[in-house]
Amino acid sequence: MDDDKRRAPRVSLDVQVNYSARAIAHSKDISESGICLITEEAMTAGKIYTLVFTLPGEDQQLQIFGKVAWSRQAGASHHENGMCFWDVDPKIQKRVMSYLAREL
């Protein structure tokens, strides 16, 4: 997705993200409204996952719903997947916003 189409600024973020029982991704970046995940397989647009990860400098994991907005090939064996945060708990949103404020 082009930067000019984004509603919120993104911050680089490289953390492990669990998104299903046995599936692990790595993040590319994060904003107040979503996260980009790097996976081996393409994700299906519209599917909602429970994302579990820890922001740098924190000890407590975040658990947040992410809805797949788009997926595209990124190299021979990886995909980038744009996830919109979905039905976010206000306490979780505050933690994400605090992290972004520190990084921007």
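Conventions adopted
- Residues numbered from 1 in each chain as written.
- Predicted model: local features only at pLDDT ≥ 70, side-chain atom pairs only at ≥ 80, totals over all residues.
- Heavy atoms only, no water.
- Salt bridge = Lys/Arg side-chain N within 4 Å of Asp/Glu carboxyl O.
- Helix = DSSP H or I, 4+ residues; strand = E, 2+ residues; numbered from the N terminus.
- Buried < 20%, exposed > 50% of the residue type's maximum accessible area, 1.4 Å probe, protein only.
- Disulfide = S-S within 2.5 Å.
- Expected span 1.5 Å × (residues − 1).
- Arc of directions from axis to C-beta.
- Contact = heavy atoms within 4.5 Å.

### Concerning the pattern of salt bridges
Applying the stated rule across the entire model yields four salt bridges. The shortest N-O distance in the salt bridge between K28 and E80 comes to 2.9 Å. Pair noted here: K28 is in strand β3 (residues 24-30) and E80 is in strand β7 (residues 79-86), with a separation of 52 residues, a long-range link. Residue class for K28 comes out partly exposed when judged on its relative accessible area of 37%. R72 is the salt-bridge partner of E80, the closest N and O atoms lying 2.8 Å from each other. With a relative accessible area of 10%, E80 lands in the buried category. Salt bridges sharing partners connect three or more residues here, namely K28, R72 and E80.

### Focus on the state of the cysteines
Scanning the model with the defined rule gives zero disulfides in all. Free of any disulfide, C36 has its nearest cysteine sulfur in C84, 11 Å distant. The exposure class of C36 is buried, given its relative accessible area of 4%.

### Observations regarding helix α1 (residues 90-103)
For α1, with 14 residues, the first-to-last C-alpha span of 20 Å sits near the 20 Å given by 1.5 Å per residue. Of the residues making up α1, those classed as buried are I92, R95, V96, Y99 and L100. The arc that holds every buried residue of α1, seen down its axis, measures 135°, which confines them to one face. Across α1 from its buried face, at more than 90 degrees, point the exposed residues P90, K91, K94 and A101. In this fold, the buried residues of α1 make contact with β1 (11-12), β3, β6 (62-73) and β7.

Keep in mind these numbers describe shape, not what the thing actually does.
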